[in-house]
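# Summary of the model geometry
Chain residues, written in single-letter form:
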Amino acid sequence: MEDIVWNNSMSGTGKPREHHTDSDAELWAAFLSGSATAFETIYSQNFESLYYYGLKLVPDVALVEDCIQELFILLWDKKERLGKAKSIRGYLYTVLRRNIFEEARKRGKMLSLVDGGERQLAGETPPEEPMGQEEGEELSKALDMVMKTLSLKQQELLHLKYHGQMNNREIARITKMPYSQVCYHLKTAIEQLYGNLKRFRP
Amino acid sequence: MEYQHYNEEDFIRDDFFLQWVREPDEDSNSFWKEFQEKYPEQREVMDRAREMVLLLTTRKNEPKVRMAKGRIWDTIQEQTAVTEAQQGVRRLKKDTGFRPLYMVSGLIVVMGLAILGMYTFGVFTDHKVAGPPKITLQLQDGSQQVIDESDTRTITTKEGQTLGNQDKHILKYNNTQQDATEELAYNELKVPYGKNFELVLSDSSHIYLNAGSTLRFPVQFLPDQPRDVYLEGEAFFVVASDKERPFTVVTDKMNTRVYGTRFNVTSYKNEGNTYTVLEEGSVGVYPPEADEYVPVKIVPGQRAVMENGRVAVEEVRVEKFVAWTRGELYFKNDPFQLILKKLERHYNVEIENRYPKLNPLEFTATFKDKTAEVGEVLDVYRKHTPFNYVREGNKITITPPH
């Protein structure tokens, strides 16, 4: 586990405000002081994000589930040693990412994870179930299909950016990629996304 | 680039725009309102971008994920003190399950290597005895038993008390109900050079003893009494968690207090180094003479080293320190001097270095092939830095190159 103090510096042209609210810091503090309720809240607020994020890293449901379980067990066991966290999710992403890669390596599932691009595993992406009520929406369906044409690296970045609501600096910290590369890869991922979407959306 | 020139793709990458879509507030509302009044042609672009952001952010609601969420939470509760605090349940870490199996193959091979040894020392270099090296167990009645790793048998005292069972390379102690008024009875296991051995204590803690190590431990732990074991040499511990009875590994230079966990303790007297490396869980270390000790806690991936009576903590690659449990040799930036010590233990050979210039040189190498002989290992080093060696029996002499 790392002690991370997350500071948010925004990268946009506008004048940003810190989007991680005080409640994040408060929740974290409550958890550090041993509140089981705070712990459960953290779990419950972040599980889905971590789950889908993990699958973008290694498409292996069992491995991802094990790592999330271990992450939270260690989190509780080590809370006395953890530092402040302004962005809980950012912290959890960082630790989970490292654990998943370590575990994948141990289990001999090392894909070419360091450099993106070729990480696409044809046919190995987990089967996705339909989207629920809104599935009638053409665009959302199209988006799902187009998303699968991107590399896992691109999907990882897009996940962090949109589901995870991380800004580019935070993404750089989580993925240990240079900031400029995060910006560049996101840009090309979005270009590709739009390029492929045109076929579905005139 | 200015916002008036942004296209849809630019907007969805812009953190300030994203923030407004997700969590609009007064500042951002007024900023974008003003912007749209000034550049009405951008309104449509922004609406599309906004829709895209929301789509990209939407979480799927998959039943299998919901189920996983509940299931994993249950396990987390079982495994953490969250429930312990609420129900007072004593927990036992599940992780003792897979490693021992994984270990078995590694150990058998290491034992095969022991055949290489012809003459031997006992556990300590000053206790030289003739004959092949033997694992010995000293019981509480003072009697000494030789453990033959091909045996499967019951360990009993002279009085007929059954202590536990040996199943080849692993010795398991029985857990019998103890009265708090009873006295602790100790056994002592000595593993000579060239051998490894496994021990399961009465509390189910699993211990892997490396070559040239001695462990003194209570046959049974008493209720409400701390669990103390005494180590010289090196051992990897998988300690059964028990909040009421802390587990402490005592060495002459440093004590390691355990809170339920997997870790490696090294304290070879003839090497002058004592340290603990943590693979998982949590341990605290402190000097043995400290009365009012405040343990220095380390986290997985850290090593606590005793240096001049003080505990120093550093980040390490754990793999280096636990590779021996799989019968592998793992050297990273290690001085030749230290490498020779490890080879002596691993292969039960005596190595005399008459080329002292080599001693401080650092090498990095891993020997995963468990059938590699000591000569092959030395040959690898010779390729890098030339030297000569001769072997007579179990004695190897290193000399400068011609």
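Data block above holds the structure.
Below or above, wherever it landed, is the structure these notes cover. Fair warning: this is a prediction, and the values are worked out from it, not measured in the lab.

When its secondary structure is counted, chain A shows eight helices and zero strands. For chain A, the succession of helices and strands along the chain, N to C, is α-α-α-α-α-α-α-α. Looking at chain A alone, contacts between residues at least 24 apart form 73% of all its contacts between residues at least 6 apart. If you sum the accessible surface of chain A, you get close to 9,000 Å²; carbon and sulfur atoms cover 52% of it.

Next up on the list: the overall build of chain B. On a plain count of helices and strands, chain B comes out with 10 helices and 25 strands. Expressed as a percentage of the 402 residues in chain B, the buried residues total 53%. Across chain B, the fraction of contacts at a sequence separation of at least 24, relative to all contacts at a separation of at least 6, is 54%. Accessible surface computed for chain B: about 19,000 Å², of which carbon and sulfur atoms make up 49%.

Turning to helix α2 (residues 15-22) of chain B, a few remarks are in order. Burial analysis of α2 of chain B places seven of its eight residues in the buried class, the great majority of the element. Taken residue by residue, α2 of chain B has Asp15, Phe16, Phe17, Leu18, Gln19, Trp20 and Val21 of chain B as its buried positions. Where α2 of chain B is buried, its residues meet α6 (152-163) and α7 (168-175) of chain A together with α1 (8-13), α3 (26-38) and α4 (43-57) of chain B.

Our next topic: helix α8 (residues 179-197) of chain A. In this model, α8 of chain A (19 residues) spans 27 Å end to end at C-alpha, consistent with the 27 Å of a helix rising 1.5 Å per residue. Within α8 of chain A, burial applies to Val182, Leu186, Thr188, Ala189, Ile190, Leu193, Tyr194, Asn196 and Leu197 of chain A.

A word on the pattern of salt bridges. Under the counting rule described, the total for this entry stands at 23 salt bridges over all chains. The partner of Lys69 of chain B in a salt bridge is Glu48 of chain A, with the nearest N and O atoms 3.3 Å apart. You can see Lys69 of chain B sitting in helix α5 (residues 63-79) and its partner Glu48 of chain A sitting in helix α2 (residues 36-57), one on each of two chains. Take Lys69 of chain B: its relative accessible area is 16%, and that puts it in the buried class. With its nearest N and O atoms 2.8 Å apart, the salt bridge here joins Glu156 of chain A to Arg97 of chain A. Here Arg97 of chain A lies in helix α4 (residues 88-106) and Glu156 of chain A lies in helix α6, a separation of 59 residues in the sequence.

For the rest of this paragraph, the subject is the sheet that holds strand β22 (residues 350-353) of chain B. Residues and elements named next belong to chain B. Strand order in the open sheet made by the three strands is β22-β25-β24, with mixed pairing throughout. Of all the strands in the sheet, the pair left with one neighbour each is β22 and β24 (388-392). With direction set aside, neighbouring strand axes in the sheet form an average angle of 20 degrees. Bridging between β22 and strand β25 (residues 395-399) involves four bridges; their strand directions are parallel. Within the sheet, the bridge partner assigned to Ile351 lies in β25 and is Ile396. The strands touched by helix α9 (residues 336-347) within the sheet are β22 and β25, with β22 carrying the most contacts at an inclination of about 160 degrees. The strands touched by helix α10 (residues 374-384) within the sheet are β24 and β25, with β24 carrying the most contacts at an inclination of about 170 degrees.

This part takes up the packing of α2 of chain A against α5 of chain B. Across the interface, α2 of chain A lies against α5 of chain B with an axial gap of 11 Å and an inter-helix angle of 135 degrees. Taken as axis vectors, α2 of chain A and α5 of chain B run oblique relative to one another. Where α2 of chain A crosses over α5 of chain B, the handedness of that crossing is right-handed. The segment α2 of chain A lies against α5 of chain B, with Phe39, Glu40, Tyr43, Ser44, Phe47, Glu48, Tyr51 and Tyr52 of chain A engaging Lys64, Val65, Ala68, Lys69, Ile72, Trp73 and Ile76 of chain B.

Another aspect to go through is the nonpolar core. Core analysis: the largest hydrophobic core is formed by 81 residues, its most contacted members being Phe72 of chain A together with Phe11 of chain B. At 11 residues, α2 of chain A tops the list of elements feeding residues into this core. Setting aside residues no more than four positions away along its own chain, Phe72 of chain A makes contact with Phe39, Ile42, Tyr43, Leu50 and Leu92 of chain A together with Ile76 of chain B. If you look at the next biggest cluster of nonpolar residues, it comprises 36 residues, including Ile147, Ile155, Leu199 and Phe247 of chain B.

This brings us to the environment of Glu182 of chain B. Residue and element names in this part refer to chain B. Its place among the elements puts Glu182 in the loop between β7 (170-173) and β8 (186-191). Judged by relative accessible area, Glu182 falls into the partly exposed class, the value being 37%. Here the alpha-carbon distance between Glu182 and Phe221, two residues 39 residues apart in the chain, equals 9.9 Å.

What counts and how
Residues numbered from 1 in each chain as written. Chains lettered and ligands numbered in written order. Predicted model: local features only at pLDDT ≥ 70, side-chain atom pairs only at ≥ 80, totals over all residues. Heavy atoms only, no water. Helix = DSSP H or I, 4+ residues; strand = E, 2+ residues; numbered from the N terminus. Contact = heavy atoms within 4.5 Å. Areas by Shrake-Rupley, 256 points an atom, 1.4 Å probe, with all protein chains shown as cover. Buried < 20%, exposed > 50% of the residue type's maximum accessible area, 1.4 Å probe, protein only. Expected span 1.5 Å × (residues − 1). Salt bridge = Lys/Arg side-chain N within 4 Å of Asp/Glu carboxyl O. Pairing = 2+ DSSP bridges. Axes fitted to C-alpha atoms, helices over the stretch in contact; angles between N-to-C directions. Parallel < 35°, antiparallel > 145°, perpendicular 65-115°, else oblique. Left-handed = near helix turned anticlockwise from the far one by under 90°. Core = buried A, V, L, I, M, F, W, Y, C linked by side-chain atoms within 4.5 Å.

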